[in-house]
Amino acid sequence: MSSTNNDGAAPKLPARRAFLQTTGQAALSATAIAMLVGSESLIRSARAADASKDVSILNVALALEHEAIAAYQLGAESGLLQKPVLDVAVQFQSHHKGHRDALVDTIGKLGGSPVSSKGMGQYAAELKANTLGSQKDVLMLAARLEKGAANAYLGVIPAFQDPALAQVSARLAADETMHWTVLAQALGQPLPANPLSFGA
Amino acid sequence: MRTLALILAALGLSLVAHTSLLFARAPDADRGARLYDSRCVGCHSLDTNRIGPRHGDVFGRTAGSVADYDYSAALKRSEIVWREDTLDAWLRNPEDLVPGQKMNFRVSSAADRGDLIAFLKRAAQD
């Protein structure tokens, strides 16, 4: 590799420094490193490694969606939700089912194996469904899970190798935030006083 | 001239380091509890395994050691013990600490990490 530009002049230092700073600050994916090296076989195996990392993240997201579907099912079957609230809970559950289906599809396309749902009895024990005694209890549980899910999706965005999947994570976070906002309003909880209250 | 610039740069860095130490606050476990409730509860609880393993006794625990939780192979063989420094590195970027782990969730703020760790330390002592 030549150390000069096409006109024979040495590269300008600021540009080279900026490149080094940029590459130093943002970790390169295995695929990007393989592309820099220029080996086709290395690029193929690196792409597989990057996809494997993304599949791992997506499978945690899928486990989260399985749990959310179960949580709304427990709430719906509890007999504690009044009719208009029950309708909203069922609608939110349908959103989570849509998330689940999209994640299963994506994981499959990336060559991964989607994690399975646990049994309802296990979810009930893990979420302490036996402590739910009122509609407010159910809504508070749902609000905590939705807020946690929104933050989970935001917190894994930097870990994705594929920016398109990072965007999917942001879209999932937006749905969970919308759910949390409705639930918080139903519970009479105040909106966050400060901006940028999610993620970080 | 170059030597003078280097000395001034070193003095500047030293001043920045000392200033940040002066203004660094002690970890706040109560704030950590609130952060835990908003950031971690999506996947974790203190006393039950869910999407992630239980956290009530995580401080001082060996990584990958909860018997009834399905860890990544990477974390199981890591031999890490969860203390302030290891938890800080884990929360900053789990993949950097244990390549092949499956959490991937990052907490970018050092103050937030410190508060979360203070909360987890207190929870393990309760």
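Quantities reported herein were computed from a predicted structural model and do not represent experimental measurements.

A. Structural view of the overall build of chain B. Within chain B, the secondary structure is distributed over six helices and zero strands. The buried share of chain B, reckoned over its 126 residues, is 44%. Sequence-distant contacts, at least 24 apart, represent 42% of the contacts inside chain B between residues at least 6 apart. Carbon and sulfur atoms form 59% of the exposed surface of chain B, whose accessible area is close to 7100 Å².

B. Quick look at the side chain of Ser45(B). Residue and element names in this part refer to chain B. Within the element layout of this structure, Ser45 appears in the loop between helix H2 (29-40) and helix H3 (73-76). A polar side-chain atom of Ser45 sits 3.1 Å from a polar atom in the side chain of Arg50. What Ser45 contacts, discounting residues up to four positions off in sequence, is Tyr36, Arg50, Pro53, Arg54 and His55.

C. Spatial organisation of the environment of Ala51(A). Residue and element names in this part refer to chain A. Along the polypeptide, Ala51 turns up in helix H3 (residues 40-77). On the basis of relative accessible area, Ala51 is assigned to the buried category, the value being 17%. In the structure, Ala51 is positioned 109 residues away from Phe160 in sequence and 9.1 Å away in space, judged by C-alpha atoms.

D. Local environment of the interface of chain B and chain A. Each partner contributes residues to the interface: chain B has 19 residues there, and chain A has 25 residues. Between chain B and chain A lies a buried interface of about 1900 Å² when both sides are counted; carbon and sulfur atoms form 53% of it. Across the pair Arg50(B) and Glu67(A) runs a salt bridge whose closest N-O atoms are separated by 2.7 Å. Taken together, the links from chain B to chain A amount to eight residue pairs in polar contact (both at pLDDT 80 or more). Of all the elements, H2(B) adds the most residues to the side of chain B that touches chain A, at three residues. Class assignment for the residues of the side of chain B that touches chain A results in five nonpolar, seven polar and seven charged.

E. Fine view of the side chain of Gln93(A). Residues and elements named next belong to chain A. In this structure, Gln93 sits in helix H4 (residues 83-109). A distance of 2.9 Å separates a polar side-chain atom of Gln93 from the backbone oxygen of Ile69. Beyond its immediate stretch of four places on either side in the chain, Gln93 contacts Ile69, Tyr72 and Gln73.

F. Local environment of the pattern of salt bridges. All names here are of chain B. Considering all chains together, one arrives at 18 salt bridges over all chains under this definition. Ionic pairing is found between Asp115 and Arg25, a salt bridge with its closest N-O pair at 2.7 Å. Of the two residues, Asp115 is situated in helix H6 (residues 110-125) and Arg25 in the loop between helix H1 (2-23) and H2; the sequence distance between them amounts to 90 residues. We classify Asp115 as buried; its relative accessible area is 1%. Its relative accessible area of 45% is what places Arg25 among the partly exposed residues. Note that Arg122 and Asp30 form a salt bridge whose closest N and O atoms lie 2.8 Å from each other. With Arg122 in helix H6 and Asp30 in helix H2, this pair connects stretches of sequence that are 92 residues apart. Residue classification places Asp30 among the partly exposed residues on the basis of a relative accessible area of 45%. Within the structure, one salt-bridge network assembled from shared partners comprises Arg25, Arg31, Arg39, Asp112 and Asp115.

G. The arrangement of the packing of aromatic side chains in detail. Residue and element names in this part refer to chain B. Applying the stated criterion across every chain yields a total of five aromatic pairs over all chains. When the ring of Tyr36 is compared with that of Phe119, the centres are 5.2 Å apart and the planes differ by 50 degrees; the resulting orientation is tilted. Remark: Phe119 occurs in helix H6 and Tyr36 occurs in helix H2; sequence separation between them is 83 residues. Assigned by exposure class, Tyr36 and Phe119 land together as buried.

H. Layout of the confidence of the model for chain B. A residue-level look at chain B finds 82% of positions with pLDDT of 70 or above and a mean pLDDT of 89. Element-level mean pLDDT values for chain B span from 56 in H1(B) up to 98 in helix H4 (residues 84-92) of chain B.

I. How the structure looks around the packing of H4(B) against H6(B). Residues and elements named next belong to chain B. Contact geometry of H4 with H6 gives a least axis separation of 10 Å together with a crossing angle of 130 degrees. Our classification of the angle between H4 and H6 gives oblique. Every pair of crossing elements has a handedness; the one defined by H4 and H6 is right-handed. Between H4 and H6, the contacting residues are Glu84, Leu87, Asp88, Leu91 and Arg92 on the first element and Arg113, Leu116, Ile117 and Lys121 on the second. Grouping the constituent residues of the contact of H4 with H6 by class yields four nonpolar, no polar and five charged.

The rules behind each value
Residues numbered from 1 in each chain as written. Chains lettered and ligands numbered in written order. Predicted model: local features only at pLDDT ≥ 70, side-chain atom pairs only at ≥ 80, totals over all residues. Heavy atoms only, no water. Helix = DSSP H or I, 4+ residues; strand = E, 2+ residues; numbered from the N terminus. Buried < 20%, exposed > 50% of the residue type's maximum accessible area, 1.4 Å probe, protein only. Contact = heavy atoms within 4.5 Å. Areas by Shrake-Rupley, 256 points an atom, 1.4 Å probe, with all protein chains shown as cover. Polar contact = N/O pair within 3.5 Å; in protein donor to acceptor, adjacent residues only side chain to side chain. Buried area = accessible area lost by both parts, 1.4 Å probe. Salt bridge = Lys/Arg side-chain N within 4 Å of Asp/Glu carboxyl O. Nonpolar A, V, L, I, M, F, W, Y, C, P; charged D, E, K, R; others polar. Phe/Tyr/Trp six-rings, centres within 6.5 Å; stacked < 30°, edge-to-face > 60°. pLDDT = per-residue confidence, 0-100. Axes fitted to C-alpha atoms, helices over the stretch in contact; angles between N-to-C directions. Parallel < 35°, antiparallel > 145°, perpendicular 65-115°, else oblique. Left-handed = near helix turned anticlockwise from the far one by under 90°.

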